[in-house]
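# Fold and geometry: a report
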Number of protein chains: 2
Amino acid sequence: MADLSPAFLPALEGIATAVEARLEAVLPPVEGPEHRLLAAMRYAVLGGGKRLRPFLTVATADMFGVPRAQSLQAAAAVELLHTYSLVHDDLPAMDDDALRRGQPTVHVKFDEAVAILVGDALLTMAFELLADARLHPDARVRVQMVQALAQAAGPQGMVAGQAIDLAVSHDEADLAAITRLQQMKTGAVIGFCCAAGALLGAATEEQRLALKAYAHDLGLAFQITDDVLDVTGNATQLGKSPGKDMAAGKATFVALLGLEQARQQAAMLGDQASQHLEIFGERAKLLRDLAAFAVVREF
Amino acid sequence: MADLSPAFLPALEGIATAVEARLEAVLPPVEGPEHRLLAAMRYAVLGGGKRLRPFLTVATADMFGVPRAQSLQAAAAVELLHTYSLVHDDLPAMDDDALRRGQPTVHVKFDEAVAILVGDALLTMAFELLADARLHPDARVRVQMVQALAQAAGPQGMVAGQAIDLAVSHDEADLAAITRLQQMKTGAVIGFCCAAGALLGAATEEQRLALKAYAHDLGLAFQITDDVLDVTGNATQLGKSPGKDMAAGKATFVALLGLEQARQQAAMLGDQASQHLEIFGERAKLLRDLAAFAVVREF
């Protein structure tokens, strides 16, 4: 595993700050009877999270010289989508989580109805942002982006992964089943982030495929590390309640592989992710750092 | 109020059948662990409902000679969106309804988690359908459609209307507040249907504004009639439980105006809706019928 370059954490923070400003701009507080919905949307979206998906989107687009105004629009869309999925996943009928990003979850802070509507509104806005001319002057790029996000998030992607996670018998699930589930549940949207950067950057087919392979391995490395942190992390660092998957008897990568082998597998996938980026040379430094960070992070 | 033309009900049924076929095509049953999600999506979407929004979309587009393959794609998208809103609105944390379209609601037939995910998936697919080249060969039209639907359904439209409906003090709500609420909650998407037909048909500004005015009055006439039927209808005809708004002490149009004045107001709005269509002459026959039907229907 390569060391993180000194530029990585400042770059992560810089992009987080920039995307935060864009999210703040698209979620202005409002007066009137819809005040509470917008307040809850702002509560869910602003002021928290690692913003890894925005980072991945912007860092990929940066390699192609895409203007930040464009890549931050895509990054804001994917962060709205990600936040919607967290708000709905945390609901009592789903994972029933009380803590997220170090704060009470939306249904705890507000109520369940508001949390359902917050998720619905954020999902809707994600598509609105991608259809906006800020994303790209060519409408063909914008519709491709809408389609790509819908496919990553819809019933062949994230939503299906979540449904399978709830429906599957975790006693009987094997490594292949869990890998497929996680590829749908979290991998598809991570793949979208790289695809979005490539699309904005008019990447060649070779570059697009390299980024797709990178995103695939990155997503798995990231998820395996999440499973490790669910066992080894603490609530303060994670900003969410650890130990829940284990307590629920879920077939996580740690449950299937054991802690040490899961760690090794994540490290191997992180390295492998970086190797897919050879064709980009030094330009891919931040993406390689991200692959290393996905594995060594403690939050 | 004009009489319904004999062509109306067959036309309504014909478009319902055609949109059903399109919905069936975009929601194929699947094998594997995601089977249950897709089965629940099909349960929610197929085989029921008046399909008034698809009718409005297709009938508007027909006036401009838009190919049915295109208008049915828009109609399928709006019906997926409408169904998502019903599935989420029926959840225990929202309106807590057990009956919809004459069948158990999705969370009753399956469970709450599945119902949340079904709504999320249908909303996502609605945007996917609008981004698809089937809708229109010009990507600019497709992004405009995505934006229009997002605005109608998002935190300035339907979702905000639903949030206000849950948050507002119905004891204090007056006619202006309820009209605004309903304009957001149901009117915005009805407006989208007409806007979609106009957009596909490359309508002139004058035509677009006439259709917008029509949709505004139609939406209100429709909603007032819904409130009337909540008092006078029965579960078999309605396919949902009547009397709930009244029992919950909601500030419906009937509660504010009384039954007779609400009926008169709906009839007046239905007439007024039709009058906005004068510039279309005989071409607008079905839309005028729809305005009449919105008021005289018993389901």
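Residues numbered from 1 in each chain as written. Chains lettered and ligands numbered in written order. Predicted model: local features only at pLDDT ≥ 70, side-chain atom pairs only at ≥ 80, totals over all residues. Heavy atoms only, no water.

Short version of the rule: UniProt positions are given in the numbering used here, feature names are shortened, and annotations may be inferred rather than shown by experiment.
The name recorded for chain A in an unreviewed UniProt entry is Polyprenyl synthetase family protein, from Marinibaculum pumilum. In its Sequence similarities (unreviewed entry) section, the UniProt entry covering chain A states "Belongs to the FPP/GGPP synthase family." The UniProt entry for chain A carries the following text under Cofactor (unreviewed entry): "Mg(2+)".

### Comments concerning the environment of A:Leu257
Residues and elements named next belong to chain A. Definition in use: Secondary structure elements follow DSSP: runs of H or I of four or more residues count as helices, runs of E of two or more count as strands, with numbering from the N terminus. Relative accessibility under 20% of the residue-type maximum defines a buried residue, over 50% an exposed one, and the middle range a partly exposed one, all with a 1.4 Å probe and only protein chains included. Contacts are assigned to residue pairs with any non-hydrogen atoms lying within 4.5 Å of each other.
Counting through the fold element by element, leucine 257 comes out in helix 13 (residues 253–257). The class of leucine 257 is buried, set by a relative accessible area of 18%. In this structure, the C-alpha to C-alpha distance between leucine 257 and leucine 175, residues 82 residues apart in sequence, is 8.4 Å. Once residues lying within four places of it in the same chain are set aside, the contact partners of leucine 257 are Leu175, Ala262 and Gln265.

### Description of the pattern of salt bridges
All names here are of chain A. For clarity, the cut-off: Should a side-chain nitrogen of Lys or Arg be within 4 Å of a carboxyl oxygen of Asp or Glu, the pair is scored as a salt bridge.
Counted under the stated rule, the structure contains 30 salt bridges over all chains. Across the pair arginine 263 and glutamate 260 runs a salt bridge, and its minimum N-O distance is 3.7 Å. Separated by 3 residues within a single helix, arginine 263 and glutamate 260 lie in helix 14 (residues 259–275), roughly one turn from each other. Between aspartate 289 and lysine 285 there is a salt bridge whose closest N-O contact spans 3.5 Å.

### Details of the interface of chain A and chain B
Heads up, the condition is: By buried area we mean the combined loss of accessible area, with a 1.4 Å probe, across both parts when two parts are placed together. In protein, a polar contact requires one atom able to donate a hydrogen and another able to accept it; more generally it is a pair of N or O atoms within 3.5 Å, and residues adjacent in sequence count only if both atoms are side-chain atoms. In this classification, the charged set is Asp, Glu, Lys and Arg, the nonpolar set is Ala, Val, Leu, Ile, Met, Phe, Trp, Tyr, Cys and Pro, and all remaining amino acids, among them Gly, are polar.
Facing 42 residues of chain A, the contacting portion of chain B comprises 42 residues. Taken together, both faces of the contact between chain A and chain B bury some 3700 Å²; the carbon and sulfur share is 76%. Where chain A meets chain B, there are 2 salt bridges. Across the pair A:Arg180 and B:Glu34 runs a salt bridge whose closest N-O atoms are separated by 2.5 Å. Taken together, chain A and chain B are joined by 6 residue pairs in polar contact (both at pLDDT 80 or more). With 12 residues, the top contributor of residues to the side of chain A that touches chain B is helix 6 (residues 112–131) of chain A. Here the residues of the side of chain A that touches chain B are counted per class, giving 28 nonpolar, 6 polar and 8 charged.

### Topic: the side chain of B:Lys185
All names here are of chain B. Of note, lysine 185 is situated in helix 9 (residues 175–200). Judged by relative accessible area, which is 16%, lysine 185 ranks as buried. There is a polar contact of 2.6 Å between the side chain of lysine 185 and the side chain of aspartate 165. The residues touching lysine 185, leaving out its near neighbours within four places in the chain, are Asp89, Met158, Gly161, Gln162 and Asp165.

### Digging into the nonpolar core
As a reminder of what qualifies: What we call a nonpolar core is a set of buried Ala, Val, Leu, Ile, Met, Phe, Trp, Tyr and Cys residues that are connected through their side-chain atoms within 4.5 Å.
Counting 215 residues, the largest nonpolar core has A:Val118, A:Tyr214, B:Val118 and B:Tyr214 as its most contacted members. When near neighbours in sequence (up to four residues on either side) are disregarded, B:Tyr214 contacts B:Leu56, B:Cys194, B:Ala273, B:Ser274, B:His276, B:Leu277, B:Leu287, B:Leu290 and B:Ala291.

### Quick word on helix 4 (residues 68–89) of chain A
The criterion, for reference: An expected span of 1.5 Å times one less than the residue number is assigned to each helix.
An ideal rise of 1.5 Å per residue puts 32 Å on 22 residues; helix 4 of chain A measures up with 31 Å between its terminal C-alpha atoms. With 20 of 22 residues buried, helix 4 of chain A lies mostly within the body of the structure.

### Focus on unusual backbone geometry
Even without being glycine, A:Arg101 reaches a positive phi, approximately 50 degrees. Relative to the helices and strands, A:Arg101 is located in the loop between strand 1 (99–100) and strand 2 (103–104). Classification of A:Arg101 as partly exposed rests on a relative accessible area of 23%. Here the phi dihedral of B:Arg51 falls at roughly 60 degrees; this positive angle occurs in a residue that is not glycine. Within the fold, B:Arg51 resides in the loop between helix 2 (35–45) and helix 3 (52–63). Assessed through its relative accessible area of 3%, B:Arg51 is described here as buried.

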